[in-house]
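Working through the structure, step by step
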Amino acid sequence: EKTNHFTNSIHRSETEEGLYDQGRLSSHMLTTWLEDATHHEALDKIQVKLDATKAFVDKVQANAAAAADEHEADAKKKQDNGDGDGESSAATESRAAASKNVVTLLDFLSLANHAREEAAAMMQCFLDELREATEVPVMIAVDGANKLWTDSPFVDPAVTRGVKHLPAQSLSLVRQFDSFRVAPPANGVALFASTSQGPQAPVRELFASGGEPGAAPVKVVRSFEYSRRQLIRVLQHYRVSGLLARQVDRRNVAYLYGITGGFPRELHNYLFSNPV
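This one's a predicted model, so the numbers in the text were calculated from it and none came from an experiment.

1. Quick word on the environment of Ser27
Position of Ser27 relative to the elements: it lies in helix α1 (residues 16-35). Given the relative accessible area of 6%, Ser27 is considered buried. The spatial distance from the C-alpha of Ser27 to the C-alpha of Glu118 is 8.5 Å, given a sequence separation of 91 residues. Each residue touching Ser27, except ones within four places of it in the same chain, is listed here: Arg116 and Ala119.

2. Structural notes on the side chain of Thr53
Tracing the backbone shows Thr53 in helix α3 (residues 51-80). For Thr53, a relative accessible area of 1% translates into the label buried. Excluding anything up to four places from it in sequence, Thr53 contacts Val48, Phe108, Cys125 and Glu129.

3. Looking at helix α11 (residues 264-273)
Within α11, the full set of buried residues consists of Glu266, Leu267, Tyr270 and Leu271. End-on view of α11: buried residues confined to an arc of 125 degrees, all on one side of the axis. Contacts from the buried residues of α11 go to α9 (228-240) and α10 (250-260).

What counts, and at which threshold
- Residues numbered from 1 in each chain as written.
- Predicted model: local features only at pLDDT ≥ 70, side-chain atom pairs only at ≥ 80, totals over all residues.
- Heavy atoms only, no water.
- Helix = DSSP H or I, 4+ residues; strand = E, 2+ residues; numbered from the N terminus.
- Buried < 20%, exposed > 50% of the residue type's maximum accessible area, 1.4 Å probe, protein only.
- Contact = heavy atoms within 4.5 Å.
- Arc of directions from axis to C-beta.

What follows is the structure, given as structure tokens:
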């Protein structure tokens, strides 16, 4: 089925459209990092080091050169037919990508628009380079980490009767981020935060065992949660601030504590998304 990656619709993981949907999220993330100048200075300091990344760049640039030739041929054909001036902006853009000297990770990201069909592989190269980066400190933060052990919205194409959702761990993008638990950045840290929603057992077992064999040491930091007395004070503050309309009574305190677990972020998000 043709589906939207940003919904919980059924995804056919190994069909042409299913693979496209998975790659589309990688492409979206890569182009977002390229368009957002927040990390440009840091990315421009990180040198491309890995042979796999350099080989990927060679492949993308060869494809871009071929695409430029095709665009130029189409433009010339239109000119011969009196339907153009022989110039093609697409050819110019592809030619520039094909000839770009890729030295830093920022240079690497600039190829994102020319590697949409290879977005998943490009994401792998990008994250591997971040893992090896020594020029700047790197922090990989994954929120809701226990959801890495849930079933994904993609379904197993081998199952012809009924629907069997693939585990999230079977998807390459999930595995790429999860790999930082085993091998964190060389000059930084990987931070995995679990949420009160989703399975708790895998996270508890992992933390209790100190991590996986051969993995980097795991340091467990327990998140702060409000006691009932603290929750009452916070709700009173929210009410005075106009963020909470209902009374801070026993019933409402119990309701909000049950919904949010007393976690500050969960409470904040719930009140902003469900004005009460």
